[in-house]
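# Residue-level structure breakdown
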Amino acid sequence: MSSGAPRGQGQVVRLSRGASLSDFADKINANPGSLVQEMFNLGEMVTATQSCSDETLLLIGEHLGFDVQIVSPEDEDRELLAQFNIDLDAEVAEDRLVSRAPVVTVMGHVDHGKTKLLDAIRKANVVAGEAGGITQHIGAYQVHVPHEGIDRAVTFIDTPGHEAFTAMRARGAQVTDIVVLVVAADDGVMPQTIEALNHAKAADVPIVVAVNKVDKPEANPDKVRQQLTEYGLVAEEYGGDTMFVNVAAKPGIGIEELLEAVLLTADASLELTAAIDGPAQGVAIEAHLDKGRGAVATVLVQKGTLRAGDSIVAGGAHGRVRAMLDENGNQVAEAGPARPVLVLGLTAVPGAGDTFLAAADDRTVRQIAEQRQARRRAASFANSRGRATLETLMEQLKEGEKTSLNLVLKGDVSGSVEALEDALFNLDIPEEVQLRIIHRGVGAITESDVMLASASSEAVTIIGFNVRAANKVREIADREGVEIRYYTVIYQAIEEIDAALKGLLKPEYEEVELGSAEIRDVFRSSKIGNISGCIVRSGIIRRNAKARLLRDGAVVADNLTISSLKRFKDDATEVREGFECGLTLAGFNNVQVGDTIETFEMREKPRA
Ligand code: GDP
């Protein structure tokens, strides 16, 4: 090694996920070029400013004797907030804690009645004088239950299924306090029941089982209890500590008992308190772009109190709370812990599961948002970048370029864009192809998306998921030669992109042997060159097929073509094993009696 990069003695170097060699060089006072050289020696070609994968950073760190620590986005965010004197985990004096409502997610197998149950709970909460119950879907709602003489609130995440639950957990946001596991009594425990149960266990969230559809004659609620004991959920009546409640969501039976069980479980196993003072913190549950109102986000406050007029930042979006609405469409002035509210006034659409917080002023939230955006760009770039090894890079240099599929993803809500992106990165992408997402966003396809695509040096396809491009935008796209594709079903989008990825591969050919012939005689013709009189020894000899000539087992000439083929006096397209024929090899006359002619063709290899 003569590249002169400094050697560490196990010193710790903290690098954020997606850092470049240049960032690393900065930390150890090295010349970035020397790290590029070191990486090259390790068999990986990386430019100085290119964002690196975790493995690359750890590899070069170890090689140079540094203890590289990759800082997770969550820790980094804490550090970022610390710069603004914000401490998410600040201790709160005991007497400033208030009890808060439990937050519940409903999970279970498809068709077991999750949606119906959420509807039934919503309807059951018709506060006197307020007909119709909760009318708006904002992604979460709160109901009130009289419990042991006290009015208690319970918050429900209004998106059934475990996708929302896992999406939030994936971002480090633990939103759910209790899982209501819905199991249809006429169907019993099914695969997604187990999946949901495992998610809840992994998150260490207590479960209340709603045994649904007990109104059906074929319902067997005891069987559900029986089945679930196998998975460690033992009903109280069987001596366990899990509450099972028989319900029928459709006719609305057992809803009060279920809510009661949720509160009992919460009180027994959780300490649900939160600070009510101070700037609000929480999680964005759902967000989308609304035609009239701009970016709207449903946030769940987890700590502190959110007020209209507060400056907030949610993920990479920031703004000032212009108005807050509850699940009935009513304006609310403030929202405390466990309270979901629809917030208007953000400048962009945050992602589902993004944390939000209120801060002192507009400037602070803007700076936090900008720094987060910059970091995300770096991180997603690191994700999307395929590993470029020396070998593949050399090949690219030879072939001129690497094939890549570049996409701009636009969708109606942030959840769908994320789901699409996640699914894409989970595709089995062939090594020679790179999938790059150069931009993602919520809302219609705009002129700026098209311009971004056309400004790229490589072809970019814009994917619209449940969104369209206006006529004017479409015209620009046509003019600029930018392809736009629309989808309304995720799997269809994934399937087509997958196919495109495979189609992008340059076809690979393999040689398939057709047959061989032995030269028995050579006729010299001044007009058409030497004619070989052959007997076909195996397979077939076909006109226009590729051929090679073997003499004593060695290849004398390759890359020949059978230019003419005759059976006796007649032209033939092919001649089979055991038959005689006469043939010429285009432009090649060095044939001798005893030579063997092998013919083959190149066939495109099917991709796995
Ligand atoms: P999800 O896929 O879990 O959200 O299930 P849905 O809420 O869409 O319900 C699936 C089907 O079961 C629908 O046709 C519902 O009408 C029906 N269903 C849900 N709850 C009950 C119930 O308590 N009793 C009966 N008889 N049918 C129900």
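Here, every reference points to the structure presented above.
So, a few notes on the structure that sits alongside this text. (Residues numbered from 1 in each chain as written. Predicted model: local features only at pLDDT ≥ 70, side-chain atom pairs only at ≥ 80, totals over all residues. Heavy atoms only, no water.)

## Some words on the overall build of the protein chain
What the protein chain contains, in helices and strands, is 15 helices and 30 strands. For the protein chain, the residues scored as buried account for 47% of the 608 residues in total. Across the protein chain, the fraction of contacts at a sequence separation of at least 24, relative to all contacts at a separation of at least 6, is 71%. Looking at the protein chain as shown, the accessible area adds up to about 29,800 Å², and 48% of this sits on carbon and sulfur atoms. (Helix = DSSP H or I, 4+ residues; strand = E, 2+ residues; numbered from the N terminus. Buried < 20%, exposed > 50% of the residue type's maximum accessible area, 1.4 Å probe, protein only. Contact = heavy atoms within 4.5 Å. Areas by Shrake-Rupley, 256 points an atom, 1.4 Å probe, with all protein chains shown as cover.)

## Re the environment of Gln 434
Considering the arrangement of structural elements, one finds Gln 434 in strand S20 (residues 433-442). A relative accessible area of 11% places Gln 434 in the buried class. For the pair formed by Gln 434 and Ser 404, sequence separation is 30 residues and the distance between their alpha carbons is 4.4 Å.

## Some remarks on unusual backbone geometry
What is expected of a backbone is that most residues other than glycine have negative phi and most peptide bonds are trans. Phi is positive for Lys 213, which is not a glycine, with a value near 65°. Following the sequence through the fold, Lys 213 ends up in the loop between strand S8 (207-212) and helix H8 (221-229). Of note, the phi angle at Ala 338 is positive, near 70°, even though the residue is not glycine. Within the secondary structure, Ala 338 is located in the loop between strand S16 (334-335) and strand S17 (340-346). With relative accessibility at 1%, the residue Ala 338 sits in the buried group.

## Focus on the side chain of Arg 122
Residue placement: Arg 122 occurs in helix H5 (residues 114-124). A residue is classified by how much of its surface remains accessible, and Arg 122, at 15% relative accessible area, is buried. A polar atom in the side chain of Arg 122 sits 2.6 Å from the side chain of Asp 158. (Polar contact = N/O pair within 3.5 Å; in protein donor to acceptor, adjacent residues only side chain to side chain.)

## Observations concerning helix H4 (residues 73-83)
For H4, the full list of buried residues reads Glu 76, Asp 77, Leu 80 and Leu 81. Taken around the axis of H4, the buried residues stretch over an arc of 140°, which confines them to a single face. Following H4 by one or two positions, Asn 85 has its phi on the positive side, about 60°. (Arc of directions from axis to C-beta.)

## Section: the packing of aromatic side chains
In this structure the tally under the stated criterion is two aromatic pairs. Centroid distance Phe 24 to Phe 66: 6.2 Å. Interplanar angle 75°. Geometry classified as edge-to-face. Residue Phe 24 is located in helix H1 (residues 21-27), and its partner Phe 66 is located in the loop between helix H3 (54-64) and strand S2 (67-71); the two are separated by 42 residues in the primary sequence. The class of Phe 24 is buried, set by a relative accessible area of 0%. Assessed through its relative accessible area of 10%, Phe 66 is described here as buried. Its end group placed over the ring of Tyr 486, Arg 468 keeps NZ or CZ at 4.0 Å from the ring centre. (Phe/Tyr/Trp six-rings, centres within 6.5 Å; stacked < 30°, edge-to-face > 60°. Lys NZ or Arg CZ within 6 Å of the ring centre and 35° of its normal.)

## Topic: the nonpolar core
When a protein is soluble and globular, its nonpolar side chains tend to lie buried together. If you look at the biggest cluster of nonpolar residues, it comprises 28 residues, and the most contacted ones within it are Leu 117, Ile 121, Val 143, Val 154, Phe 156, Val 180 and Leu 258. Elements that contribute at least two residues to this core include exactly strand S4 (103-108), H5, strand S5 (140-147), strand S6 (150-157), strand S7 (178-184), S8, strand S9 (243-246) and helix H9 (255-269). The dominant element in this core, judged by the number of residues it contributes, is H9, at seven residues. Apart from the residues within four sequence positions on either side, Ile 121 is in contact with Tyr 141, Val 143, Phe 156, Ile 255, Leu 258 and Leu 259. (Core = buried A, V, L, I, M, F, W, Y, C linked by side-chain atoms within 4.5 Å.)

## Digging into the pattern of salt bridges
The final tally for this structure, using the stated rule, is 29 salt bridges. For Asp 277, the salt bridge goes to Arg 96, with nearest N and O atoms at 2.5 Å. Note that Asp 277 is positioned in the loop between strand S10 (273-275) and strand S11 (281-290) and Arg 96 in the loop between H4 and strand S3 (97-99), a separation of 181 residues in sequence. Since its relative accessible area comes to 35%, Asp 277 is described here as partly exposed. (Salt bridge = Lys/Arg side-chain N within 4 Å of Asp/Glu carboxyl O.)

The analysis is restricted to geometry; functional conclusions fall outside its scope.
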